[in-house]
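Notes for the structure review
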Amino acid sequence: MRSQPAGFDRLAPVYRALEFLAFGRDLERARFCFVPELIACRRILVLGEGDGRFLARLVAGAPDARVHCVDSSPAMLGLAAARISGAGAAERVSFERADVMGVALDPAAYDAVVTLFFLDCFTPAQVAAIERKVRPSLRGGALWLFADFILPARGFRRWRAKAWLRILYFFFHREAAVTVRSLPPSEEILIKSGFRRVAVRDFQGGFVRSSVFDLPGERT
Ligand SMILES: C[S@@+](CC[C@H](N)C(=O)[O-])C[C@H]1O[C@@H](n2cnc3c(N)ncnc32)[C@H](O)[C@@H]1O
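Below, the structure is looked at part by part. (Residues numbered from 1 in each chain as written. Predicted model: local features only at pLDDT ≥ 70, side-chain atom pairs only at ≥ 80, totals over all residues. Heavy atoms only, no water.)

Near the ligand, the surroundings consist of 19 residues, among which Tyr-15, Arg-31, Gly-48, Asp-71 and Leu-116 are the closest. Tyr-15 has a polar side-chain atom sitting 2.8 Å from an oxygen atom of the ligand. Note that an oxygen atom of the ligand is positioned 2.5 Å from one of the side-chain N or O atoms of Asp-71. When the ligand is considered free in solution it has 590 Å² of accessible area, and contact with the protein chains removes 97% of it. (Near = heavy atom within 4 Å. Polar contact = N/O pair within 3.5 Å; in protein donor to acceptor, adjacent residues only side chain to side chain. Areas by Shrake-Rupley, 256 points an atom, 1.4 Å probe, with all protein chains shown as cover.)

Written as C-alpha cells, this is what we have:
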C-alpha cells in the first residue's frame, strides 16, 4: 500500500502562522489539553510530530518519558529538534525520518502513541493499516492521544466544516502533495479495533476534536 508522499518540507516554516490565521489557538488547545494524561508514561511514540510544539509540551508534561518521533519531513523534524534543544530534554527524545507505513517499531515498547492532525492525511484503509502497525508496539493499557478535524453531525456547523475541509484538502494537496480528499473515520477505526475512548473535548464548534483512547489491560 502506498502512503502519502513527504511533501511537508515546504510548509514547515509557515505551518504555525497559517494555522493561527485559520484557527487561532484552537488547534494548540486541542493538541495540549490532554498532555496531563501522559504524565506517568515512560515511552511515548509520536507519529507525524510536525514542528515540535506538541513535543515541547510533552517533554515538560511527561518528565520521565522517553519519546520517539517519526515524521517523513526533514524540515519538520529539524524544527522539532530545535524547539526542544534548550529544554534540557534532548537526550530523552529520538527522531526518525520515515514513512509511517514503513517504520519498524519495537514490540510492546510504548505506553502511549500520539497522532495529532496526522491521520487525516490518509485513506480509511491506510488509517486501519497504521493502527495494525502500531498495535503490536503498545503495552497493555496503553493510551492513544488523538486530535483531528471531524464533521459535526448536522446543521450550520456541519456545513461550515465541509467548506473548511474542501479548502484544507485543496491546499494540502497543492502544497504538500496530500492525495486524500476527505476525512477518514479514524475514531471509529480505533474503536472497532478495540480501543476505548476515555476522554474527549471538542473545539471550533465541533470541527476539531481531541480524544484519549486506551487499550484493555493493566498499565505496567
Ligand atoms: C498536517 S501535519 C500535522 C503535524 C502536527 N502533528 C500537528 O499537530 O500539527 C502532518 C505531519 O505528518 C507528517 N507526515 C505526513 N505523511 C507522513 C507519512 N506517510 N509518514 C510520516 N510522516 C508523515 C508530515 O511531515 C507532517 O509533519
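Next, the rest of the story.
A few words now on the layout of surface pockets. Its volume calculated, the largest pocket comes out at about 830 Å³. Taken together, 44 residues make up the lining of the largest pocket; nearest its centre are Phe-8, Tyr-15, Phe-117, Cys-121 and Phe-172. Every element with two or more residues in the lining of the largest pocket is listed here: α1 (15-23), α2 (26-32), β1 (43-47), α3 (53-61), β2 (66-71) and α6 (155-176). Tallying contributions element by element places α6 first for the lining of the largest pocket, with seven residues. For the lining of the largest pocket, the class distribution of residues is 30 nonpolar, six polar and eight charged. Size it by volume and the second largest pocket reaches roughly 200 Å³. Together, 13 residues line the second largest pocket, and Phe-149, Ile-150, Leu-151, Leu-183 and Pro-184 are the ones closest to its centre. (1 Å grid on protein atoms, 1.4 Å probe; cavity = no way out; pocket = protein on both sides within 12 Å on 5 of 7 lines; lining within 4 Å. Points joined across faces, edges and corners; volume = space filled by probe spheres on them. Helix = DSSP H or I, 4+ residues; strand = E, 2+ residues; numbered from the N terminus. Nonpolar A, V, L, I, M, F, W, Y, C, P; charged D, E, K, R; others polar.)

Relative to the assigned elements, His-68 resides in strand β2. Look at His-68 and you get buried, because its relative accessible area is 13%. Only 2.7 Å separates the side chain of His-68 from the side chain of Ser-94, close enough to count as a polar contact. Setting aside chain neighbours within four positions, we find His-68 in contact with Ile-44, Leu-45, Val-46, Ser-94, Phe-95, Glu-96 and Tyr-110. (Buried < 20%, exposed > 50% of the residue type's maximum accessible area, 1.4 Å probe, protein only. Contact = heavy atoms within 4.5 Å.)

Function cannot be read off these values alone, since they describe shape.
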